[in-house]
Every structure is written in structure tokens, then in C-alpha cells.
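One letter stands for each residue in the lines below.
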Amino acid sequence: MIKMNLLPKTVAIISITLLLTLFATHFFISKALFENYENLEQQDIKRDVQIIHNNLQQEMQILEEKLADWSKWDDNYQFALKPNKLFIDTNLAQEALVSIRVNAILIFDTKNKLLVSRSYKLENNQVKAWKTDNLLKYISQHPDLITHTSASSQIMGLISFPDGNSNTVTFLASEPIIPTDLRPQIAGTIVFLRRFSQEYIEQLLKRQQIGAYFHLIQSLTLEHPLQKIIGALRPSRPTWVIPQNEQRVSGFSLIRDVYQKPIFLLEVHRVREIYLQGKHLILNALYILVILGCFFLIVTLLSLRHWVLFPLFVLLKDVQVITRNGDIKNRVRELGADELGILSHEINTMLTSLDTALNKERCNLMAEKERSDELLNNILPSVIANRMRMGELMIAEHFEEVTVLFSDIVGFTKLSAHTEPQELVKLLNMIFSEYDAIADKYGLEKIKTIGDAYMVVSGVPLAQIDHARRIALMALEMRDKLLELNRVFQLDIAVRIGIATGEVIAGIIGKRKFSYDLWGNTVNIAARMESHGIEGKIQCTEYFYQLLQQDFIFEYRGLIEVKGKGLMPTYFLIRSAEQFQVLNNHQNQSFISRNFDSQMDVLRQ
């Protein structure tokens, strides 16, 4: 009968030690830090957010108070009824606007016709002119901002409108122009505007000693991470506090315009002083746990030494001998009738089974290795695959000058709409197989295919002096091969190719389903050359043209707008100079032959 001694003793000793450690850890973490400090951290952030909101509201009230004096000024009232240049020169000079910290004053009559507009902007503490054409266009599209039906009407808030290459945000205050006796006789509308500029933001944050960012919502793309935060903010949760890392915590809130639409995402950030204090407390608690752990460790080791460790060391020594010698024909000693004795017996049984199966597994392993090597060579360049077999896990290299080609099949999407899936895949496989054959012919490296797009590079992973020439020859053959397939299979598709030459970074990305890929400005420009190209044409950059202009025939396309690069001169690759010479010779021979036949006909006559 087997005596179950080892399990109860081991479980009892380890359980007591573990429970005491877990209890102490839970007590210090839950009571001393998370339950108390997390709420305090959120309250501090929410207070800073509220301070920013209060300052913006106060700024709006100050602007409205200044506007109230002007809207009930008799001279202004008379001007709205009968505009005159003297009033403008006397009261609406630029110095007057600067003195009251107003960037623009607009006065309209009762029919919303602009009577006068004065404006300026402050950049780097310098007063500069501010053209209000875009502002006036925005107001004309929102006439409710200057429409007042009663003498007590007021309109205040933020507005955002396109101004050049970006959006301009301003404080707006609008009131009707009435006489000082407060008679309900409206002569027009006066509007004060103060720019919500970067200088204003910096002064506000410096004055309040708060770290914050104002993210203009219109400038955020739909894929921007902050869009999730914007969608999560609602009236029931106007402020959302998110820890960014161990050093910083951020609070988010929406700032709305005059129409109560979100215009800014306010991000207030603070150093996590409370969290760091809690972390320091945990460190002190860990010191205590270490002291307690040492005590329990001594007790545990003394207890386990007699009942568990000695027979375990014997078993361990026998296993180490077998492991170091690599001879699984040896066996361990079977000591006692408890669980360690049973384990010793099972180890011997396992060794016997392993010895039997090892030879079979070696054969299977060699076969699998051959298949995996073949698969790796198909996925990656052979040079890169060999480096990975040698143990390199992180491969990234810089290449000073390579040539990248992108191609896209024009008309393939239209063809797929009325083609069976199997036929469509068969056709695409045939086209790409032809491309692969051309790439192998010129010693190029295929990077990837995405849908009907094909990417190939010359000069990677091994440098090639004539990288540009190889790509040029492949591009011409790709174009001609697709024309040939159109004639054979009666298709209506064409290839659009883009080429760029320059430096790139190449390497392996991913840990699973990894691939060899390229990064850099050259890759982006090559993709732009393809996407901005013309059906059936090979579009390339000026540098590529300069490298090959002696050996190939090009056609200057002109300047095109490239996203992120501005205007760029581009060229169409037509054919190689050798092909051009052969074509000319053929045409000349045809002309001579026709001329000779004509002369013979004349002689016969």
C-alpha cells in the first residue's frame, strides 16, 4: 500500500507560507494605494480641466463686457445708420483694437450688410495684418451669428473656420447696436472676435501652471487614437481620466463651439505624484515582505529538507547524470514507496519509451527540417533565410541606393465583377507568375503582392550597381507581357507602373507570418508614382531618368502634385535605346523597300 506522505506535507508547508505572503501583499496594495489614491488622482485632473473651462468662460465674458460698451454707444449707433469715414479713422484704428485685445471688429447693418471690418493678428509679439475673407465667408454661411431680433439678444462662443491651410478658432461675441436710452431700435450688429491662437494657449497654461494640449477635432483623422476618447465623452461623463504610463496621467474633456458642437479635445496631463507615492509605499511593503519571506523560507527549507529535499536531490542527481551524458539507456534509482518513488519508476518507464521512439523522431525531424528550409527559402531571400538559420532574429539594413517598382493592374476590379473566382485567381496567378519569371531573369527581389498590386526591388538584399537598369528592363517586359496576354486571351486590362530610386531600410517584420519588407521615402515615392500614373505607362522620378537617360528613351510628363512632397517632375519610360534603334532601322528598311518598289513600277511602265 502506497503511503501518501509527500503531498500533505508539501501542500501544508507551502500553503501556509503562500497565504501569509498573499495576505500581506493584498493588504498593503488594496488598503494603502489603490483604494485611496486613485480617486485623489482623478479629482486633481478633473479640477485642472475645470480650471481651463472656467478660464475660457471668463475670457468669453470679458469679451462680451467690452462688446456691451460698444453696442450701446450712440456714435456707433449713428455710424450704423449712416456710415462715415471719420468714425472709422477715429475709433477703429489698429491701436484701438490692440488696446482692448480684440483681433477683429465687424459692423453690419440690419440687412446683414458689412459696413466696416477691422482686424489684425499677433504673431511672435508682432502685430500683423489678418485678412478676414474666410471669416466673412463663414459668417455669410451662418447668418444666425449676426441676426438679433431683440435689443437684449446676445451670441457668444467659439467658432472654427477654414483659413488658408488650416482652421482658425476665435472667440466670438455678437450683439445688436442700440442707442444708450435702450430703445428697442436696432441699427445693426457689432461683432468682436479674439483669436484662439497658440500664444493665447501658452499664456493661459503658463498663468494657470497647468500642462495641457488643445487638439483641434477637425484636424484629427478618423483613424486617430483620440477619436475613441472623443466618442466616449458624453454629458454623463464630461471628463475622462486615463493613466498614460507610470509617470503621467491625462484627463480629457470636450470644448464646444457656439453651436455646442465639439471643437477641441482638451488633454490635461500631470505627473502621477500620488501614484509614485503609492509605489514608494509598496516598495517599503516589499522590504517587509522580504524580511518575512526570509523567515518563512528558513522554516520551509528546514521542514522540507528531511521529508522532501533529500530523496528529491537523489532523483535529481540521477536525472542530471542521464542528461549530461545524453544516454537515455541509463535509469534512475527508485527510492521509497511515496510519490517520489512512483515518479522514479515512471521516469524509468518514460526513458524506455523515449529510447524506442527517438530514432523514429530523428527521421521525422530531418524530413520536417528539409520542408521548413524549402518553405523559408520561398518566403524570404536566400541570403536573409540563411542569416535567420544562423540565429539572427532582428534583421534590418540600410541601403544607400536601390530602385523600387510598384505596379497595379488597371481594369482588374472591373474584370472581377463578371468573372468566376477560380478563373480570376487563375488569371492573376498567371500574370504574377510571368512577373516572377521576369524578376528572376534580371536578379530582382520580389517583396510582396497585395490584391492586384506587385512590388519588386533591385539592389536588395545584395547591392547591384546596375539596379536602375534592371528595374527598367523588367518594367518594359511587364508592360509588353500584359499587352501580349491581352491579345492571347482577349482581355481589356493594362498595367500602371511607378518607379523611384533612392535609399531604403530593409528587414524582417513580425514574429509570426513574418516577411521581408522595405521602408523609407523611396518606397512612398514609388507608390505615389504608380498611384499618380497613367494606364499603360511607366512613370518614374527625375533621378531615375538621370541615371538611365543615355540607355533608355523617356518622355517628359511634367510636374505633378505628390502628397507630402509637393510638385515633382516625372517622366514616362518608353523603351530602351537599343529597342528604339531596332525600331528605327525596321521603319527605314520598310521605307526603302516601298520606295524601291515604286521606282520599279515606273520603269516597267
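Residues numbered from 1 in each chain as written. Predicted model: local features only at pLDDT ≥ 70, side-chain atom pairs only at ≥ 80, totals over all residues. Heavy atoms only, no water.

1. Considering the overall build of the protein
Regarding its fold elements, the protein presents 16 helices and 19 strands. Evaluated residue by residue, the protein yields a buried proportion of 39% over its 605 residues. The long-range fraction of contacts in the protein, counting pairs at least 24 apart against all pairs at least 6 apart in sequence, stands at 62%. For the protein, the computed accessible surface area is about 36,300 Å², with 56% contributed by carbon and sulfur atoms. (Helix = DSSP H or I, 4+ residues; strand = E, 2+ residues; numbered from the N terminus. Buried < 20%, exposed > 50% of the residue type's maximum accessible area, 1.4 Å probe, protein only. Contact = heavy atoms within 4.5 Å. Areas by Shrake-Rupley, 256 points an atom, 1.4 Å probe, with all protein chains shown as cover.)

2. Digging into the packing of aromatic side chains
For the coordinates displayed, the defined rule picks out 18 aromatic pairs. Against the face of Phe572 rests Lys537, its NZ or CZ located 5.4 Å from the ring centre. (Phe/Tyr/Trp six-rings, centres within 6.5 Å; stacked < 30°, edge-to-face > 60°. Lys NZ or Arg CZ within 6 Å of the ring centre and 35° of its normal.)

3. Section: unusual backbone geometry
Following Val460, the chain continues into Pro461 via a peptide bond in cis, with omega recorded as 0 degrees. Within the fold, Pro461 resides in the loop between β14 (453-458) and α13 (467-489). Of note in this structure, Gln209 is not a glycine but carries a positive phi near 55 degrees. Inspection of the secondary structure puts Gln209 in the loop between α6 (198-208) and β8 (211-216). One non-glycine residue, Gln260, lies in the positive phi region at around 60 degrees. Take Gln260: it is sitting in the loop between β10 (248-256) and β11 (262-271).

4. A short note on the environment of Val562
Following the sequence through the fold, Val562 ends up in strand β18 (residues 552-562). Separated by 37 residues in the primary sequence, Val562 and Ile525 place their C-alpha atoms 8.1 Å from one another. Residues within four places of Val562 in sequence aside, it is in contact with Arg528, Met529, His532 and Met568.

5. As for α13
The end-to-end C-alpha distance of α13 is 33 Å, a good match for the 33 Å that 23 residues give at a rise of 1.5 Å each. The first or second residue beyond α13 is Gln490, which carries a positive phi of 55 degrees. (Expected span 1.5 Å × (residues − 1).)

6. Examining the environment of Gly341
On the secondary structure map, Gly341 appears in helix α9 (residues 339-379). When the C-alpha positions of Gly341 and Leu315 are compared, they lie 9.1 Å apart, and in sequence the two are 26 residues distant.

7. Quick word on the confidence of the model for the protein
Averaged over every residue, the pLDDT of the protein is 83; the share at 70 or more is 87%. No element of the protein has a lower mean pLDDT than helix α16 (residues 577-604), which averages 51, and none a higher one than strand β17 (residues 538-541), which averages 96. Within the model, pLDDT remains below 50 along residues 590-594, and this stretch shows zero contacts once partners closer than five positions in the same chain are excluded. (pLDDT = per-residue confidence, 0-100.)

8. Quick look at the pattern of salt bridges
Taken as a whole and assessed by the stated rule, the structure comprises 17 salt bridges. For Arg47, the salt bridge identified is with Asp44, shortest N-O distance 3.0 Å. Placement of both Arg47 and Asp44 in helix α1 (residues 6-71) is noted, with a separation of three residues, approximately one turn of the helix. Taking the relative accessible area as the measure of exposure, Arg47 reaches 43% and is therefore partly exposed. (Salt bridge = Lys/Arg side-chain N within 4 Å of Asp/Glu carboxyl O.)

9. Section: the sheet that holds strand β1 (residues 104-109)
As summarised here, the arrangement of the five strands in space is β2-β1-β7-β6-β5, forming an open sheet in which the pairing is antiparallel. Only two strands of the sheet have a single neighbouring strand rather than two, namely β2 (114-119) and β5 (155-163). On average, adjacent strands in this sheet sit at an angle of 20 degrees to one another, irrespective of strand direction. In the sheet, β1 pairs with β2 via five bridges, with the strands oriented antiparallel. Opposite Ile105, over in β2, you have Arg118 as the bridge partner. Sheet strands in contact with helix α5 (residues 133-141) are β1, β2, β5 and β7 (188-195), and its direction is about 120 degrees off that of β5. (Pairing = 2+ DSSP bridges. Axes fitted to C-alpha atoms, helices over the stretch in contact; angles between N-to-C directions.)

10. Describing the sheet that holds β8
One open sheet accounts for four strands, arranged β8-β11-β10-β9; its pairing is antiparallel. The open sheet has two free edges, formed respectively by β8 and β9 (239-243), since each of these has just one partner strand. For this sheet, the mean angle separating the axes of adjacent strands, direction not counted, is 25 degrees. Sheet topology note: the β10/β11 ladder contains nine bridges and is antiparallel.

11. Points about the pairing of β18
As judged from the 10 bridges shared by β18 and strand β19 (residues 566-576), these two strands associate in the antiparallel manner. Residue Val562 lies in a different strand from β19, and its bridge partner there is Gly566. Counted between consecutive antiparallel strands, the loop separating β18 from β19 contains three residues, among which Gly564 sits at a positive phi close to 85 degrees.

12. A look at the side chain of Arg496
With respect to the helices and strands, Arg496 occurs in strand β15 (residues 494-509). Under the relative-accessibility criterion, Arg496 is labelled buried at 18%. Looking at Arg496, its side chain comes within polar contact range of the main-chain oxygen of Glu530, at 2.9 Å. Setting aside chain neighbours within four positions, we find Arg496 in contact with Phe406, Ser407, Asp408, Val410, Glu530, Ser531, Gly533, Ile534, Glu535 and Lys537. (Polar contact = N/O pair within 3.5 Å; in protein donor to acceptor, adjacent residues only side chain to side chain.)

13. Some remarks on the environment of Thr300
As for its position among the elements, Thr300 is in helix α8 (residues 273-325). Separated by 286 residues in the primary sequence, Thr300 and Ile14 place their C-alpha atoms 7.4 Å from one another.

14. With respect to the nonpolar core
Counting 45 residues, the largest nonpolar core has Ile52, Leu56, Ile105, Ile107, Phe192, Phe196 and Phe214 as its most contacted members. No other element matches the eight residues that α1 contributes to this core. Leu485, Cys540, Phe544 and Phe554 belong to the second-largest nonpolar core, a separate cluster that totals 38 residues. (Core = buried A, V, L, I, M, F, W, Y, C linked by side-chain atoms within 4.5 Å.)

15. Topic: the packing of helix α12 (residues 421-441) against α13
Contact geometry of α12 with α13 gives a least axis separation of 10 Å together with a crossing angle of 150 degrees. Taken together, the axes of α12 and α13 are roughly antiparallel relative to one another. Of the two possible hands of crossing, α12 and α13 adopt the one that is right-handed. Between α12 and α13, the contacting residues are Met430, Ile431, Glu434, Tyr435, Ile438, Ala439 and Lys441 on the first element and Met474, Glu477, Met478, Lys481, Leu482, Leu485 and Phe489 on the second. Of the residues that constitute the contact of α12 with α13, the class distribution is 10 nonpolar, no polar and four charged. (Parallel < 35°, antiparallel > 145°, perpendicular 65-115°, else oblique. Left-handed = near helix turned anticlockwise from the far one by under 90°. Nonpolar A, V, L, I, M, F, W, Y, C, P; charged D, E, K, R; others polar.)

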